[in-house]
Structure formats: C-alpha cells, structure tokens
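Examination of the molecular architecture
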Amino acid sequence: MNSAATLDNLVSAALLGTRGSADRLPALPDELATVLSPAGRDAETRLLDAAAAATLCSRAGAQAREGIARCAASPPDRWPECSPRAAAILAQAFAENLHPVLVEWLELAAAARQRPPHHLLPQLLEAAAARRALRPLASQVVDERGDWLMQFNPRWQFASPTAEQPEQVWQLGNRQQRAEVLRTLRASDPAAARDLIATTWKDDGADERAEWAATLQIALSDADEAFLESCLDDRSSRVREIAADLLARLPGSQLTTRMIERAAPLVAFHPGEIGKLLNLKRAVQPSLEVTLPAAYDKSWQRDGISERPGEKLGQKQWWLLQIVGGVPLDHWTNTFGASASTIVAAAPSDFATVLVRGWLIALARRPVVEWIEPLLAASETKSIWNAELLRAVPAARRAVLLTALLARQEQPYGQLQQIVAAWRPFDVALSQAMLKACDPALLLLTESYFSMHPQALAELDARLADWRGAPSERRRADQALNVSALRRDIHREFAA
Amino acid sequence: MARTFTRDDVLRLAPDAGSAKSGQDLAQVRKWGLLEHDDIALWGECQGSGAKPYRVQIDLAEPAFKCSCPSRKFPCKHGLALLLIYATTPDAPTAAAQPDWVQEWLASRQARASKAAEKQSREPAPRDPAAQAKRREKRIERARAGLADLSAWMRDLVRTGIGTAPGRGFEYFDSQARRMVDAQAPGVARLVRQLGSLASAGAGWQRPFLEQLSLVHLLTAAVERFAILPEAIRADVEGVLGITTAADELSELAGVADLWQVVAQEVELEDRLRVQRTWLYGAKTERVAQVLQFAHGAAAFDNTLSPGTEFEGELVFFPGSGLRAVVRTQQPNFAPLAALAGLDRFDQLLDRYSAALAEFPWLERLCLPLRQVTPARVDERWWIVDATGAALATALGDDAGYLLLAVSGGRPVDLAAEYDGQRLRPLTVIVDGKVFSLATNLADAA
C-alpha cells in the first residue's frame with residue numbers, strides 16, 4: 001500500500017472520529033508501523049502520528065507524470081516587435097481601458113508591420129474576443145505567435161476559420177455559435193448563408209428567425225428579395241417588420257415599387273418660377289403639395305405600415321410618414337427634377353416635420369450623399385443619426401457640416417459625441433474646424449481628443465493647458481492631455 | 001552605467017494599487033518642470049496642488065526615494081512617476097550635474113550609511129549568552145503550555161471526527177489561533193488559521209486539512225520532547241513557533257558567499273501584514289534561500305532584491321535547516337542574470353525537495369530554478385514538462401498560464417517555481433533575458 005492510499009484511509013477514519021472505534025485504525029505499511037510507537041498512546045495521537053508520517057512520505061515520494069504531450073512550437077513571427085515605448089502604451093491602453101487608443105495603436109502597428117511583444121498577446125486576444133470590431137486588426141497584428149496561441153483558448157478562436165463545417169455548427173451549435181457562423185458566412189458567401197437559414201427556418205423560434213433575418217442586412221442584395229418577400233407572411237410580427245425594412249432598402253424590390261405607387265398621389269411638386277421684371281411677373285418659390293391618405297388600405301399591413309401610430313401623431317400623418325420612409329430618396333430627385341435641398345426647402349410648414357422624418361428613415365435605409373446635409377440641417381435635434389449614416393458623409397464635407405451643426409447651439413453633446421466618434425480619425429481640416437468652433441469644455445465633453453488628427457494635438461494641448469475649468473473638468477482635461485500625449489507617442493514610435 | 005528598470009520593476013515598488021495608478025497618471029513628461037539624471041541619481045520637479053513644485057529625487061542604486069510632498073505613502077506617487085518615466089522613456093530626463101538639494105540628500109544618505117557601517121564594525125555590545133539562553137528557555141516554556149492545550153484541542157477534534165470542522169465556523173479556529181499568539185507562538189497561530197481556511201475550502205478539503213492538522217500535531221509532539229531534540233532540530237522548531245533569532249545572534253553565524261541569483265518574488269497578505277518573499281539561488285553552492293520582509297499598511301519594502309538580477313555577496317541563514325536568510329553583504333553592482341543556474345530535470349527537483357523535507361518536515365514550499373522546461377495545456381490544466389518528458393501539474397491560474405504560454409511559444413524556457421510536494425507554482429519566467437512575473441502581486445490584485 002502506498003502512502004497516498006494510507007493517507008486516504010486515515011482521512012476516512014479521521015472524518016468519522018476515533019470515538020467508539022479506537023481499535024479500528026487503518027493498517028499501516030510495515031515501514032511506517034515500525035517507526036511509530038503505538039504503545040500506551042490514545043487513538044487520536046496514534047492517528048495523527050500516522051497521518052503526519054504518511055503526509056511526509058506522500059510529499060517526499062511524489063513522482064512526475066509521463067505522457068503529457070508538448071504542443072508543437074509556434075513558427076517564427078513575420079514582423080519585428082514594436083519599440084518598448086509602444087509596448088508600454090499598449091499595456092496602458094489595456095490597463096486604463098482606452099479603447100480608441102487601442103484601435104489607433106493596432107492600425108499604426110499594422111501599417112508599420114510591427115507586432116506587440118508576446119506577453120501582451122493574451123490581453124489583446126481577450127480584447128478582440130470581447131469586441132468584434134477589433135478582430136480584423138487584431139488578427140493581423142498578433143502575427144504567428146498570436147495565431148498559434150489562439151488554439152489554446154476557445155474564446156480566442158474567432159480569427160481562424162472554424163475547423164468544423166458551418167452546416168454542422170448551424171445544426172448543432174447554440175444560438176450564439178450559430179449567429180457567429182451565419183455572420184461570417186454571410187460576409188463571404190451571401191447566397192450560401194441564405195440557404196443555411198432556410199434549412200432550419202421551420203424549426204427555429206420567433207426570436208431566432210428575427211435574428212437570422214436581420215443578419216441579411218450584411219451584403220444585402222436583390223437576390224435576397226424572394227426570401228424576404230416570403231418573410232412578409234411570417235407568423236412573427238418582428239420578422240415581418242425586419243423583412244419589410246430590408247426590402248425597403250432594395251431600390252428595385254416589389255415592396256419599394258408598391259411604396260412609390262402609394263406615395264405618388266400623396267406628394268406633388270410645383271416648380272417655382274423665376275420672376276421676369278419686364279412682364280411684371282413675380283417669382284414663385286417651388287412648393288410641395290401634400291395630400292393625406294384618405295383611408296388605411298389592408299394591403300399596407302403586409303408591407304410593414306402599421307395602422308395605429310406608435311406615438312402622439314395624427315393617424316393619417318403617421319401613414320404618410322411610413323410611406324415616405326419606404327420611398328428611395330433618388331426617386332424624388334429624379335421624378336421632380338429638383339435638387340435635394342430644393343425639395344427639402346419646398347416642404348409646406350404644416351407637413352415639414354413629418355416629411356423630414358420620413359426622408360430621414362429613407363436616408364438611414366440607403367444613404368444618399370446629396371440628401372444628408374439638407375436633412376441634417378432641417379432635422380430636429382432629437383432625430384437619431386446612426387454611425388453608418390454619419391460615415392456616409394464625404395470627408396470633404398464634414399468640416400462644413402460640423403461647423404454648421406455647432407453654430408445651431410442646440411446639439412446635445414451626446415449626439416456630437418456620436419458624430420465625433422463616427423468620423424474618427426479626423427483629417428486636419430476637420431480637426432481645425434472643431435478646434436475653431438468649440439470651447440475647451442465642449443472639446444472635452446465630445447471626447448474629441450481621441451479623434452483629432454495627430455497634427456492638431458499640439459493645439460488641443462495648448463487650448464486645454466491654459467484653460468481654467470471646474471475641478472471635475474480639470475480632471476477631464478488631465479485625462480485628455482494624457483490621451484493626447486499617448487497618441488502622439490504612438491505616432492512617433494511607429495513613424496519611419 | 002546607471003541601473004535600468006522596467007515598468008514592472010517600478011510598479012512592484014508601489015505600496016498599494018492606488019499609488020501605482022496615481023504614479024502612472026503622473027508619469028507624463030509634460031507634468032514635470034524639471035527632469036534630470038546622472039549615473040547615480042534621478043531628480044525632477046513636479047507641479048502639485050501647492051505653489052511650489054515638489055522636489056523628487058531617487059538614489060538609483062537601491063532605489064531610494066525622497067520627495068517634498070506631504071504624502072505618507074512610501075514611495076509616494078511622485079517618486080513612482082519619476083522612476084516610471086525613467087523606465088519607459090529613458091531619454092526624457094536630461095543628463096546634468098546634481099543640484100545642491102540632490103547633493104545634500106545623497107551626502108546625508110552616505111553619512112548615515114557609513115555611520116551604520118561603523119556601528120556594525122564596532123565591537124558588538126557584549127552579549128550575555130547565559131541570559132539569552134534563559135530567555136529562550138522561558139519562551140519555550142510558555143509555548144509548551146500553549147501547545148499542550150492545542151494538542152488537547154486537536155485530539156478532541158479527531159475524537160469527534162474532523163468531518164465536523166467545516167461546520168464550526170472560522171471563530172472556532174481563530175480563537176485557538178489567538179491563544180497561540182498569547183502563548184508567544186505566532187508561527188503556530190498562522191498554521192491554525194490556515195486550518196480554518198482549509199476547512200472552508202469546499203470540495204476535496206478533507207485531505208489537505210488532515211495533512212496540515214497532522215503536521216501541527218508533529219510540532220506539538222516536538223515541543224513536548226524539546227529537551228531531548230538535537231540542537232539543529234531545536235532551532236527549526238523555534239523557527240516554526242515564530243521565536244525569532246535576534247540580529248546580534250545572526251551576526252555571529254558564518255555567512256555563505258556565492259553569486260546569488262534573485263529568481264522570484266511575491267507579496268502576500270498575511271493577517272493584515274504584507275509579506276514579501278524573495279527566493280534566491282546560489283550559482284556555486286546551489287543553496288536555496290528565502291528572504292522575508294514584512295510591512296504594515298502602506299509602508300514600503302526595501303527594494304534592493306529584484307528578480308532577474310544577481311550579485312556577489314554573503315547571506316546568513318537562520319539557525320537550523322530552514323531556508324530563511326538575510327543578506328549580510330552585497331556588492332553594489334546588481335547585474336541582470338547572465339545565465340540562470342538551476343536544475344534541468346524534475347527528478348533532480350523531486351530529490352532536492354525530498355531531501356529538504358527530510359531535514360525540515362514543516363517545509364511549506366521550496367522554490368528552485370528550472371532550466372529549459374516547457375509549458376503545456378492538457379485537459380484544461382497547465383503542466384510543465386522537462387527535457388526528458390516528465391511532467392508536473394501546476395497551480396497556475398488561466399491569466400498566468402496564458403502569459404507563460406504566450407512568452408514561451410511552446411519552446412523551453414527558464415523558470416523559477418515553488419514546489420509543495422504536489423504541484424509546481426511557477427513564479428518567474430525568463431525568455432531571451434526578459435523576466436516576467438507570474439506571481440500574484442498585491443499591487444495588481446487590488
């Protein structure tokens with residue numbers, strides 16, 4: 001009997017206690033029995049004596065294990081390691097959760113073809129596992145060592161194509177794994193992804209069907225129309241809504257055609273006339289004539305137009321809003337033969353709000369550059385500008401637009417923050433426009449120090465350094481100055 | 001050539017997590033009006049909340065800190081920040097001649113050091129060995145009475161069955177531990193408190209609990225027979241009880257000269273006391289040494305011993321066969337480890353451990369440098385494999401495990417690891433001359 005087994009027997013005896021079983025101590029191996037002197041001692045002492053001896057024997061006699069396989073070593077990296085200062089900044093970005101600095105670091109490292117030191121790879125892979133947007137950059141920068149390391153942690157296996165077939169995961173995986181596979185496949189082979197959805201459509205629950213349908217937004221094309229059209233008859237209202245929304249994003253879809261037909265009698269355009277002095281004719285401004293729909297048509301329901309307003313709004317205005325939102329913006333400019341700004345300006349004052357909101361829905365579905373500025377200028381501050389839409393604004397127009405928005409003095413800073421984040425990184429012109437138009441407090445509130453072009457950071461620093469704000473604002477300013485210093489350092493470290 | 005530091009070296013000096021954070025925030029060149037250095041010292045001026053900037057200076061040899069700020073943390077955030085700047089952007093401070101205030105401080109340090117050396121070299125106060133022996137005897141006597149009670153308490157627990165231990169609550173163990181403190185046996189108090197933790201450790205608690213209980217029992221048995229024990233074992237028993245050896249007694253013992261390699265360091269919290277454990281390995285004598293430092297609250301540790309460095313010098317081991325030692329003399333030049341001395345195979349490690357355990361049964365852990373061993377992850381657990389293919393399980397958590405794997409790339413690395421008779425606990429890994437700590441540090445944890 002070895003010492004480990006002896007010890008286990010002693011543990012069993014000790015658990016129950018020696019009371020009443022004093023003479024039934026487990027047998028000891030001879031080697032141990034001879035060094036202990038049981039004579040005259042109580043059972044407790046004898047048990048503890050034996051346990052001490054067995055403990056020491058088992059510790060002293062432990063053996064190494066054979067047959068633990070070493071894994072194949074990582075191949076050598078392709079890129080050189082970044083500078084120690086760059087590595088220190090990366091560590092700080094992790095420690096202080098400076099996400100935009102992390103993104104910038106990865107972009108610059110990828111461009112400079114340098115990699116982080118190996119000891120920071122686990123944190124980098126962990127960050128990429130938590131944030132999908134980091135993955136393409138992270139997979140580039142982690143180099144061979146990172147690719148090698150991923151195999152040891154299931155959470156990190158986002159970059160390597162799954163060893164399993166997508167079909168297998170789709171049939172057997174949990175919802176999260178299935179969503180992951182679907183998104184990946186949709187990006188590379190949209191048709192195959194749609195076919196994959198169809199294989200389990202009948203058996204999937206309403207929540208899952210809604211999620212799969214929403215995934216079609218990735219690489220959406222006319223090829224998806226037939227499937228989405230069939231979704232308009234789905235049992236779940238959520239699925240119907242998503243399908244209608246996606247179909248409205250396809251300019252050539254039957255749903256879009258139906259929307260255009262519905263809108264035709266509702267909105268008419270009267271072009272203006274230029275005044276002619278000699279004929280004594282006065283100029284006429286272009287105008288839109290709006291006719292509210294008379295009654296709710298049952299066929300609208302299927303195309304996602306709801307009968308009852310989801311908010312405090314007249315019922316007929318609510319229908320108008322939804323129909324206008326389903327018409328591609330190009331349609332108006334082409335049919336009316338007028339520019340977007342003319343059309344927006346032509347909206348009659350009593351319907352302006354509803355029309356602008358409808359156009360904003362259409363704009364969110366399919367950004368049309370020409371419409372962005374007039375609508376941004378005409379919209380109420382409450383309207384939601386998503387990042388996708390903001391990124392559709394051409395870089396050359398951003399400075400002008402931002403200045404115009406700031407001049408309105410009514411932007412809640414949250415929305416500005418959104419704009420500043422969506423347009424990250426700023427070019428020089430935009431940075432200078434921002435510096436010119438904003439006081440230090442607003443520069444801080446919008447976290448513009450993450451977005452500014454590196455060449456503009458010196459001026460940002462100068463503005464913040466001289467500024468005397470409240471103590472809480474001073475702390476923010478300190479944070480901004482830290483970030484600014486880190487960003488300039490990474491640009492310097494990765495330059496040349 | 002002045003000593004160099006890494007960012008981790010500096011953060012390890014922080015008295016607490018808050019100081020580490022503030023130090024990093026302040027480690028921005030722009031926050032410093034003055035940033036200068038020479039080969040001996042580093043100094044700067046940092047604008048604080050007052051009108052006058054704080055004057056911060058660092059003696060790079062130790063490193064030792066001085067700052068004109070009112071903080072009672074030591075080193076303060078300004079000192080940490082200054083050294084952090086030096087560690088991460090060595091070009092930032094400009095080389096310059098020492099200003100008066102730095103010269104004055106260094107001179108006063110020098111004066112203090114020579115005074116202390118003089119005091120040490122002077123004839124030590126005449127010791128009275130007889131009186132000392134009598135004091136010791138008295139302490140053993142007190143401990144013996146306390147441990148007799150402890151023995152009765154343990155036997156009672158075994159009689160009713162240790163299965164009742166988890167249900168008894170921590171106070172059951174804590175009150176017993178307090179009695180051991182009263183009996184002037186703080187070392188035993190710690191072991192008894194550990195019993196309380198082991199009992200509440202959840203699934204699989206039984207065996208470690210009985211192991212620990214039996215070793216405390218062995219201690220009570222040893223104290224009972226103290227008079228007939230050999231001198232070396234008596235010293236060991238005194239050490240485990242927590243009866244410390246006075247500095248003047250240590251000064252009479254022979255030192256062990258060697259090229260001492262600092263292989264690992266960790267800081268643990270033991271009963272509101274921070275304990276810094278530094279492991280050293282003699283490149284020539286192959287002896288293992290453990291240097292302990294204790295600090296209350298935010299007090300600082302002496303930071304001379306930094307993992308991954310080596311120095312020629314002399315250690316004095318505490319009496320007995322334990323590993324504890326203090327540094328007696330050290331050459332001022334700490335150099336990065338040139339080549340890690342140590343073992344190449346696990347059978348050597350197991351032999352060393354068995355031999356050490358045979359001499360000192362209360363050995364809790366032995367830290368040894370291991371050369372060219374490979375980490376592996378099998379069955380969701382972390383293993384270390386030596387060149388012969390023998391493997392030992394580790395106590396690594398995932399954070400440290402992935403870090404070790406990442407820096408190794410699946411190739412053999414040099415490691416310093418504690419072994420406790422069951423599992424390895426890697427504390428330091430060295431790859432291409434770079435040193436990474438795998439130990440949990442208080443500054444990181446908080």
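Residues numbered from 1 in each chain as written. Chains lettered and ligands numbered in written order. Predicted model: local features only at pLDDT ≥ 70, side-chain atom pairs only at ≥ 80, totals over all residues. Heavy atoms only, no water.

It is worth spelling out the nonpolar core at this point. Soluble, globular proteins show a tendency: their nonpolar side chains are buried together. Grouped together as the largest cluster of nonpolar side chains are 237 residues, with contacts concentrated most on Trp105, Trp332, Trp359 and Trp371 of chain A together with Leu241 of chain B. Residues in contact with Leu241 of chain B, not counting those within four places in the same chain, are Ile140, Ala143, Leu147, Ala185, Pro186, Gly187, Val188, Leu219 and Val223 of chain B. (Core = buried A, V, L, I, M, F, W, Y, C linked by side-chain atoms within 4.5 Å. Buried < 20%, exposed > 50% of the residue type's maximum accessible area, 1.4 Å probe, protein only. Contact = heavy atoms within 4.5 Å.)

Residues and elements named next belong to chain B. Direction vectors running N to C along helix H5 (residues 129–160) and helix H8 (residues 206–224) enclose 145°, while the axes themselves pass 9 Å from each other. The handedness of the crossing between H5 and H8 comes out as left-handed. When H5 is examined against H8, the residues Arg144, Leu147, Leu150, Ser151, Met154, Leu157 and Val158 are found in contact with a partner set consisting of Phe209, Leu213, Val216, His217, Leu219, Thr220, Val223 and Glu224. Among the residues forming the contact of H5 with H8, the class breakdown is 10 nonpolar, three polar and two charged. (Axes fitted to C-alpha atoms, helices over the stretch in contact; angles between N-to-C directions. Helix = DSSP H or I, 4+ residues; strand = E, 2+ residues; numbered from the N terminus. Left-handed = near helix turned anticlockwise from the far one by under 90°. Nonpolar A, V, L, I, M, F, W, Y, C, P; charged D, E, K, R; others polar.)

Residue and element names in this part refer to chain A. Tracing the backbone shows Thr215 in helix H12 (residues 206–215). Judged by relative accessible area, which is 10%, Thr215 ranks as buried. Of note is the side chain of Thr215, whose polar atom sits 2.8 Å from the backbone oxygen of Glu211. In contact with Thr215, other than residues within four places in its own chain, are Leu182, Arg183 and Arg186. (Polar contact = N/O pair within 3.5 Å; in protein donor to acceptor, adjacent residues only side chain to side chain.)

Moving on, we get to the confidence of the model for chain A. Here chain A averages 88 in pLDDT, while 93% of its residues score no lower than 70. For chain A, per-element mean pLDDT is lowest for helix H2 (residues 30–35) of chain A, which scores 76, and highest for helix H15 (residues 254–263) of chain A, which scores 96. (pLDDT = per-residue confidence, 0-100.)

With that out of the way, let us pick up the sheet that holds strand S4 (residues 64–67) of chain B. Residue and element names in this part refer to chain B. An order of S4-S3-S2-S1-S5 is seen for the five strands of this open sheet, with the pairing classed as mixed. Two strands lie at the open edges of the sheet, namely S4 and strand S5 (94–95), each paired on one side alone. In terms of strand pairing, strand S3 (residues 54–59) meets S4 through four bridges, oriented antiparallel. Along S4, the bridge assignment pairs Asp59 with Ala64. (Pairing = 2+ DSSP bridges.)

Take the pairing of S3 of chain B next. Residue and element names in this part refer to chain B. Burial analysis of S3 places five of its six residues in the buried class, the great majority of the element. Summarising the sheet, strand S2 (residues 41–46) and S3 pair through six bridges and their orientation is antiparallel. Residue Leu42 lies in a different strand from S3, and its bridge partner there is Ile58. Linking S3 back to S4 in an antiparallel pair, the connection comprises four residues.

This part covers the interface of chain A and chain B. Between chain A and chain B, the residue contacts involve 58 residues of the former and 61 residues of the latter. Between chain A and chain B, a total of about 5000 Å² is buried, with carbon and sulfur atoms accounting for 60% of that surface. Contact with chain B buries area across many residues of chain A, yet Leu48, Arg59 and Arg70 of chain A alone supply 15% of it, more than any other trio. Counting every contact that joins chain A to chain B gives five salt bridges. (Buried area = accessible area lost by both parts, 1.4 Å probe. Salt bridge = Lys/Arg side-chain N within 4 Å of Asp/Glu carboxyl O.)

Residues and elements named next belong to chain A. On inspection of all chains with the given rule, the structure shows 56 salt bridges over all chains. Between Asp245 and Arg249 there is a salt bridge, with the nearest N and O atoms lying 3.1 Å from each other. Residue classification places Asp245 among the partly exposed positions, given a relative accessible area of 21%. Linking Arg262 and Asp303 is a salt bridge whose minimum nitrogen-to-oxygen distance equals 2.9 Å. Highlighted residues: Arg262 in helix H15 and Asp303 in the loop between helix H16 (298–302) and helix H17 (315–325), separated in sequence by 41 residues. The same class applies to Arg262 as to Asp303, namely buried. Beyond isolated ion pairs, a larger network of salt bridges with shared partners links Glu229, Asp233, Arg258, Arg262, Arg302 and Asp303.

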